[in-house]
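These are the residues of each chain, in order.
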Amino acid sequence: MEKIYDVVILGGGPAGLTAALYAGRARLDTLLIEKAQDGGQIAMTEEIENYPGQLVEGESGSALVARMAKQVEKFGAERCADVIKSAELSGDVKKLVGGKGEYLARSVILCTGAHPKPIGCENEGKFIGNGISYCATCDAAFFEGLEVFVVGGGDSAVEEAMYLTKFARKVTIIHRRDALRAAKSIQEKAFKNPKIGFLWDSVVTKVDGSELLSHMTVRNVKTGELTEICANENDGLFGLFGFVGNAPNSELFDGILKLDNGYIRTDENMHTELDGVFAAGDIRVKSLRQVITAAADGAIAAMQAEKFVNA
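Residues numbered from 1 in each chain as written. Predicted model: local features only at pLDDT ≥ 70, side-chain atom pairs only at ≥ 80, totals over all residues. Heavy atoms only, no water.

Peer 1: I'm lost on the side chain of Asp297 in this one. Help?
Peer 2: For Asp297, the location among the structural elements is in helix 6 (residues 291-309). The residues contacting Asp297, other than those within four sequence positions of it, are Met270, Ala280, Gly281, Arg284 and Lys286. (Helix = DSSP H or I, 4+ residues; strand = E, 2+ residues; numbered from the N terminus. Contact = heavy atoms within 4.5 Å.)

As structure tokens, then:
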């Protein structure tokens with residue numbers, strides 16, 4: 001007979017790790033499934049400044065996530081690495097089907113998070129990994145001493161631009177508006193950084209090059225004027241990093257749960273419309289997507305799962 005867990009948590013970001021911590025501590029028979037590395041997007045963040053209780057001098061997302069994972073281990077939640085391909089979430093026993101097997105549970109907490117949106121320019125796919133990236137922490141070192149451009153104007157874009165200045169010769173932020181959307185404290189740091197420049201009211205429309213990215217076309221959204229940007233002859237290439245927002249990882253649940261622009265609808269206690277199915281973190285409809293709100297969601301979802309299982 002296949003094992004039936006009290007709760008299966010899908011996703012090992014801050015929401016999933018917190019849910020596993022709380023569920024394990026509540027003595028629920030818990031399984032956490034993550035297809036890749038723990039942490040989700042936060043694992044790619046070089047510096048965290050606003051998580052309560054973090055190291056005051058600053059720390060990376062990967063370091064914070066590593067401590068979360070140790071807490072999960074301490075409280076006995078099982079771990080599994082697998083890619084879930086289908087889900088049956090109605091009924092008393094839920095079933096998740098992955099490449100390595102099937103997982104049964106009385107309750108499920110969905111913490112699949114989100115992923116970076118593409119920049120949206122012509123030829124973008126051709127240069128991913130050949131000049132275009134969506135993770136400064138992952139790829140900044142490849143652009144040591146080169147010129148780099150960052151698309152976006154929110155917290156992530158500006159924070160990653162500042163991180164890139166540790167490696168790049170010059171960093172230019174390309175933003176479709178005439179003012180940044182990042183928090184004022186973050187903006188102030190960027191404006192004071194001598195290696196950061198700005199290209200306002202602009203979008204990247206096309207990228208090109210032989211094998212590596214060496215050319216792009218930028219359009220002014222107010223005047224329509226096109227500007228051609230070419231790599232320095234001595235460099236032969238430049239970097240382009242996209243931080244224009246995120247899209248939810250919810251394809252698996254389309255047609256199973258009610259989605260709002262791809263995000264899962266829940267009530268304030270993380271309940272979806274299906275009994276015993278909860279959602280937490282960036283995957284759900286919410287006003288603020290931060291590590292602290294993901295962790296809070298995970299804690300609430302785990303406690304609600306406990307009540308459901310023990311009802």
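Peer 1: Hey, could you run me through the sheet that holds strand 14 (residues 226-230) in this one?
Peer 2: Neighbouring strands of a sheet are bound in pairs by backbone hydrogen bonds; such pairs are parallel or else antiparallel. Strand order in this open sheet of three strands is 12-13-14, and the pairing throughout is antiparallel. In this open sheet, the two edge strands, each paired with only one partner strand, are strand 12 (202-208) and strand 14. Put simply, the sheet's adjacent strands are angled 25 degrees from each other on average, direction ignored. (Pairing = 2+ DSSP bridges. Axes fitted to C-alpha atoms, helices over the stretch in contact; angles between N-to-C directions.)

Peer 1: What exactly am I supposed to notice about the nonpolar core here?
Peer 2: If you look at soluble globular proteins, the nonpolar side chains tend to sit buried side by side. Grouped together as the largest cluster of nonpolar side chains are 29 residues, with contacts concentrated most on Val7, Ile9, Tyr51 and Ile109. For this core, the elements supplying multiple residues, two or more each, are strand 1 (4-10), helix 1 (14-25), helix 2 (61-74) and helix 6. The residues touching Ile109, leaving out its near neighbours within four places in the chain, are Val7, Val8, Ile9, Leu10, Ala19, Phe278, Ala280, Ala301, Ala302 and Ala305. Residues Leu146, Leu164, Ala168 and Ile173 belong to the second largest nonpolar core, which totals 23 residues. (Core = buried A, V, L, I, M, F, W, Y, C linked by side-chain atoms within 4.5 Å. Buried < 20%, exposed > 50% of the residue type's maximum accessible area, 1.4 Å probe, protein only.)

Peer 1: Explanation requested: helix 6 in the structure shown.
Peer 2: Residues spaced three or four apart along an α-helix face the same direction, because each turn holds 3.6 residues. The terminal C-alpha atoms of helix 6, which comprises 19 residues, lie 27 Å apart, in line with the 27 Å expected from a rise of 1.5 Å per residue. Residues Val291, Thr293, Ala294, Ala295, Asp297, Gly298, Ala299, Ala301, Ala302, Gln304, Ala305 and Val309 constitute the buried set of helix 6. Taken together, the buried residues of helix 6 touch strand 1, helix 1, helix 2, strand 6 (102-110) and strand 19 (277-279). (Expected span 1.5 Å × (residues − 1).)

Peer 1: So what exactly am I meant to see when it comes to unusual backbone geometry here?
Peer 2: Negative phi values dominate among residues other than glycine, just as trans dominates among peptide bonds. The phi angle at Asn123 is positive, at roughly 70 degrees, despite the residue not being glycine. In this fold, Asn123 is placed in the loop between strand 7 (114-116) and strand 8 (132-133). Among the residues examined, Asn123 registers a relative accessible area of 29% and is labelled partly exposed. With phi around 55 degrees, Asn261 is a residue other than glycine that occupies positive phi space. Take Asn261: it is sitting in the loop between strand 17 (259-260) and strand 18 (263-264). Note on Asn261: relative accessible area 70%, which makes it exposed.

Peer 1: What is the right way to look at the pairing of strand 10 (residues 170-174) in this model?
Peer 2: Consecutive residues of a regular strand have side chains that alternate between opposite faces of the sheet. Burial runs high along strand 10: four of the five residues are buried. Relative to strand 10, strand 9 (residues 147-151) runs parallel, the two being bridged by five bridges. Across the sheet, the residue bridging to Val150 is Ile173, located in strand 10. A crossover links strand 9 with its parallel partner strand 10, the connecting element being helix 4 (residues 155-164), and its sense is right-handed. Bridging between strand 10 and strand 11 (residues 196-199) involves four bridges; their strand directions are parallel. (Right-handed = clockwise from strand over helix to strand, strands pointing away.)

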